[in-house]
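Read off the chains here:
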Amino acid sequence: MLLIRRLPGILYTYRYPAYSAGIIVSTFVYLLFRWNLLCVNLQAWQHVKRLCHLYDQGLAIGSLCAPLCVSKDINSLTCHSFQTTKQPVFSAEWHNIKLVFKSVPTDVQPIHWHDNGVLKYPTEKEFLSTIRTIVKRKLNLTLAYDTAVRLARLKPSYEEKNVLKRRLEMESLWNLLQDNEYLLSTIFTDKDVFPQLIGTCGGYFAVEYLEPLPFSHSTAVFSLGDSKEDWGLRLRVALQILELLDELETSFREPFHLCDIKMNHFGVTSDKKKLKFIDLDEVFPRTIISSIFKDIISCNGDEDCDFLDCRSFCNKSIHKCHSNVGNNNLQIICEKIFLGWRMSNTIIVPGLLMSQHTPSELASILRQCANPEGLEEKVRTIPDEEVRKRLYNILYEIEHSVNNDFFL
């Protein structure tokens, strides 16, 4: 009690340090929210409130608007932290199905224009042509007519006849189609490697919720005393990652590159049997990555030819980056996820497959996969096919042995 009575006097005596500490703490908390390292569910409700206000004014359209704003069937909103690439991201429930809502940029050039003061919109034929052009530019994919028609509607089986509503639909679709995540989720519905698109409302779209892996951020690093059960789980996840990489390499017309790979960019289905890549902002087919390198104005060294985790080479004689991608998904996974953070070829923070249980044969093949040529600088080499096969076979044998022993 005496300390409490004396507190105002103490604060006054040390007011300047107290002010400084208060400013530092306030700034720190602000930055946590600003960088999405911390969030509160109130933020998710505020986003929905603004969206529903637009819907009530007739300025938002989509299959999820009514469940969000009228029947309130979509509820249990939860904010997501550690989502710095897309604002905002929150999850919700709809008839016991969990969804993840994401927003798309709205600061794009509008699809309408004015001609002598008269508001103009593209014809249906022009709109279809524009959609096919966007997809070709972003994904190097020539859309079939039926697919283009599906992308030109918010409800694939419904053709909007009301002119004003159709124009609003075009505006919404125009913003959505600029977003790489929306494009991949809606075009490749037959590929089970990206989250499935569920619906839209205004500048938001919802995809299936995938459970985060049990290894994220600090929890991804196990101590050397991790249990055999943990080791078995890590092996199983590693195999699922390799299977996903194989699908990305072989299931499309050309391989897709994951240029921003982190452990929390993977999600698993509720039955734990299927792994998917959930952050699609920097996922591109090989020709698009090549064009990104080609468009780099100039380079003085190889480090100038990096696009996040995807890397190319610098032709120093002409100061231009090679269009070829130097590494691939497997090399990045082995380097960043399986081995962990390294410095001068020494592992500082162990990755998913570095444990007291890791056999020397596995550790050796992981090093060959992450750095085939044993270089000191960033790796720009693709592991050969023999390394990939050996890695998968070794993991399969160890996982089968460990988990069979555990469950016996």
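Residues numbered from 1 in each chain as written. Predicted model: local features only at pLDDT ≥ 70, side-chain atom pairs only at ≥ 80, totals over all residues. Heavy atoms only, no water.

Undergrad: Go over the pairing of strand E7 (residues 204-208) with me, naming the residues and quoting the values.
TA: With 5 of 5 residues buried, E7 is to be regarded as a mostly interior element. With 4 bridges connecting them, strand E6 (residues 197-201) and E7 associate as antiparallel partners. Residue pairing for E7: Thr200 is matched across the bridge by Phe205. Two successive antiparallel strands, E6 and E7, enclose a turn made up of 2 residues, where Gly202 displays a positive phi of approximately 60°. (Buried < 20%, exposed > 50% of the residue type's maximum accessible area, 1.4 Å probe, protein only. Helix = DSSP H or I, 4+ residues; strand = E, 2+ residues; numbered from the N terminus. Pairing = 2+ DSSP bridges.)

Undergrad: Kindly report on the state of the cysteines, identifying the contributing residues and their values.
TA: By the definition in use, this model includes 6 disulfides. The disulfide that involves Cys52 links it to Cys69, with 2.1 Å between the sulfurs. Its torsion about the S-S bond being -85°, the disulfide of Cys52 and Cys69 is classed as left-handed. Residue Cys52 is located in helix H3 (residues 41-56), and its partner Cys69 is located in helix H4 (residues 65-69); the two are separated by 17 residues in the primary sequence. A sulfur-sulfur separation of 2.0 Å characterises the disulfide bridge that pairs Cys305 with Cys321. (Disulfide = S-S within 2.5 Å.)

Undergrad: So what about the packing of helix H11 (residues 329-339) against helix H12 (residues 360-370)? Which residues, and what values?
TA: Contact pair H11 / H12: the axes reach a minimum separation of 7 Å and the direction vectors enclose 130°. By the angle between their axes, H11 is oblique relative to H12. Crossing hand, H11 versus H12: left-handed. Of the residues in H12, those in contact with Leu330, Gln331, Cys334, Glu335, Phe338 and Leu339 of H11 are Leu366, Arg367, Cys369 and Ala370. (Axes fitted to C-alpha atoms, helices over the stretch in contact; angles between N-to-C directions. Parallel < 35°, antiparallel > 145°, perpendicular 65-115°, else oblique. Left-handed = near helix turned anticlockwise from the far one by under 90°. Contact = heavy atoms within 4.5 Å.)

Undergrad: Which residues make up the pattern of salt bridges, and what values do they have?
TA: Taken as a whole, this structure holds 16 salt bridges when the rule is applied. For the salt bridge of Lys276 with Asp192, the shortest nitrogen-to-oxygen distance reads 2.8 Å. With Lys276 in strand E11 (residues 275-277) and Asp192 in the loop between helix H8 (180-187) and E6, this residue pair connects regions lying 84 residues apart in the sequence. The partly exposed category is assigned to Asp192, whose relative accessible area is 36%. Each of Glu124, Arg166 and Glu169 takes part in a single network of salt bridges with overlapping partners. (Salt bridge = Lys/Arg side-chain N within 4 Å of Asp/Glu carboxyl O.)

Undergrad: With reference to specific residues and values, describe the environment of Ser172.
TA: Turning to its location among the elements, Ser172 is positioned in helix H7 (residues 163-177). Ser172 sits in the buried class, given a relative accessible area of 7%. Each C-alpha atom, one on Ser172 and one on Cys201, is 8.3 Å from the other, the two residues being 29 residues apart in sequence. Discounting chain neighbours no more than four positions away, the residues touching Ser172 are Ile61, Leu154 and Gly202.

Undergrad: Give a description of the packing of aromatic side chains that names residues and reports values.
TA: Counting across every chain of the model gives 12 aromatic pairs. Aromatic pair Tyr392 and Tyr396: ring centres 6.4 Å apart, planes at 15°, arrangement stacked. One end of the pair, Tyr392, and the other, Tyr396, are both in helix H13 (residues 385-407), 4 residues apart, so they sit about a helical turn from each other. Here a set of aromatic residues connected by ring pairs shows up, and it is made of Phe188, Phe194, Phe252 and Phe256. A cation over an aromatic ring shows up here: Lys98 above the ring of Tyr209, its NZ or CZ 4.3 Å from the ring centre. Sitting over the ring of Tyr158, Lys155 keeps its end group 6.0 Å from the ring centre. (Phe/Tyr/Trp six-rings, centres within 6.5 Å; stacked < 30°, edge-to-face > 60°. Lys NZ or Arg CZ within 6 Å of the ring centre and 35° of its normal.)

Undergrad: Give a description of the sheet that holds strand E1 (residues 74-79) that names residues and reports values.
TA: Strand order in the open sheet made by the 5 strands is E1-E2-E3-E7-E6, with antiparallel pairing throughout. Edge strands, defined here as strands with exactly one partner in the open sheet, are E1 and E6. Strand after strand, the sheet turns through a mean of 30° between neighbouring axes, direction not considered. Where strand E3 (residues 97-103) and E7 come together, 5 bridges link them in antiparallel fashion. Paired with Val100 across the two strands is Val207, which belongs to E7. In this fold H8 packs onto E3, E6 and E7, with an angle of close to 130° to the strand it touches most, E6.

Undergrad: Can you explain the nonpolar core? Please cite residues and give values.
TA: Of all hydrophobic cores here, the largest spans 77 residues; its most connected members are Ile241, Phe338 and Leu391. Considering each element in turn, this core owes the most residues, 10 residues, to helix H9 (residues 228-250). (Core = buried A, V, L, I, M, F, W, Y, C linked by side-chain atoms within 4.5 Å.)

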